[in-house]
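A closer look at the structure
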Amino acid sequence: MKTNYPKGLSKDLLFDWLCRLGDQYQTSFVVSDPDSLNNPLVYVNDPFLRLSGFSREEVLGQNCRILQGPETLDYSIQSIRNQIATGDSIHTELLNYRKDGTPFWNELVIQPLRDEKGTLLFYIGLQTDVTYRKQTEALFVVQQEIYQGIEKGYALSVLLQKICDVAERFFQQDTKSSILLLDSDNRMIVAAARSLPEKYNQAIQGAKIGLNTGSCGTNSCSVGCCRTAWWKFPP
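Read on for a plain summary of the structure.

About the criteria used
Residues numbered from 1 in each chain as written. Predicted model: local features only at pLDDT ≥ 70, side-chain atom pairs only at ≥ 80, totals over all residues. Heavy atoms only, no water. Buried < 20%, exposed > 50% of the residue type's maximum accessible area, 1.4 Å probe, protein only. Helix = DSSP H or I, 4+ residues; strand = E, 2+ residues; numbered from the N terminus. Pairing = 2+ DSSP bridges. Patch = residues over 30% accessible without salt bridge, like charges linked within 9 Å, V, L, I, M, F, W, Y side chains within 5 Å. Areas by Shrake-Rupley, 256 points an atom, 1.4 Å probe, with all protein chains shown as cover. Salt bridge = Lys/Arg side-chain N within 4 Å of Asp/Glu carboxyl O. Polar contact = N/O pair within 3.5 Å; in protein donor to acceptor, adjacent residues only side chain to side chain. Contact = heavy atoms within 4.5 Å.

Some words on the pairing of strand S4 (residues 103-114)
A large share of S4 lies buried, amounting to 10 of its 12 residues. Note that strand S3 (residues 90-97) and S4 share 8 bridges and pair antiparallel. When the bridges of S4 are listed, Tyr97 appears paired with Pro103. Between S3 and S4, which follow one another and run antiparallel, lie 5 residues, and Gly101 among them has a positive phi close to 90°. Taken together, the 9 bridges between S4 and strand S5 (residues 120-129) define a ladder with antiparallel strand orientation. Note on S5: the bridge partner recorded for Arg114 is Leu120.

Structural data, given as structure tokens:
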């Protein structure tokens, strides 16, 4: 990221210039102040608010750590801290979370801004939602792994469970996936469902579906309890 900002400006004038620049950005653009405790955000543009789900009042004065969540890798966080400590620019990807808890893959660029004497003035941060690309990449990888597994003679259950694992890891927080097969009598076979409660798997194993009978898809599962709703449609 090039930072061809006007030289010789005071910090206050530079901040005003950055705000005007951020207002013109079509993607997420934020500014933080390393001179303040905890390097808080001092400017965020509208695309950042749409990306994060927070209001401007909620994020100004806060550190960008508000976007971190339960599955944000400690390694990614520590790597960013190390690069900031050495004064390097940062270009990385990490799992972040919107205000409502929805995870998304964030392509993050952080650029330090220094004056002519080398004094650190601000950090600029650019964020881009690359979730769709990460999902596409993950599906391609698992597709290749499945092809290789077939060639090596891996069990079908192992290959199908790998598909479920990828779906749960990349598509939505707390996603639970299963793959069901049908036998010659149109009865369901649980082929892969490691993350689902065993009672759920037992409830649908061998269940018959067809034109008049099937699952409405409204299964309610909780710890130690599983309720499966089945509907019989009138002829």
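After that view, the rundown keeps rolling.
What to know about a nonpolar patch on the surface
Taken together, the side chains of Leu156, Leu181 and Ile189 define a hydrophobic patch exposed on the protein surface, amounting to about 230 Å² of accessible area. Along the polypeptide, Ile189 turns up in strand S7 (residues 188-192).

Concerning the side chain of Ser52
You can see Ser52 is positioned in helix H2 (residues 46-52). Ser52 sits in the buried class, given a relative accessible area of 1%. At 3.2 Å, the side chain of Ser52 forms a polar contact with the backbone nitrogen of Phe54. Residue contacts for Ser52: discarding those within four places in its chain leaves Leu67, Arg98 and Lys99.

Observations regarding the pairing of S7
Bridge count for strand S6 (residues 179-182) against S7 is 4 bridges, and the pairing is antiparallel. Bridge pairing in S7 links Leu181 to Ile189.

Points about the pattern of salt bridges
Applying the stated rule across the entire model yields 10 salt bridges. Where Glu93 meets Lys134, a salt bridge forms, and the shortest distance between an N and an O atom there is 3.4 Å. In this pair, Glu93 sits in strand S3 while Lys134 sits in helix H5 (residues 131-152), placing the two residues 41 residues apart along the sequence. With a relative accessible area of 26%, Glu93 lands in the partly exposed category. Since its relative accessible area comes to 16%, Lys134 is described here as buried. Glu137 is paired through a salt bridge with Arg133; the nearest N and O atoms lie 2.8 Å apart. Of this pair, Glu137 and Arg133 both sit in helix H5, separated by 4 residues, roughly a single helical turn. One salt-bridge network, held together by shared partners, links Glu93, Arg133, Lys134 and Glu137.

That's the geometry; what it means functionally is another story.
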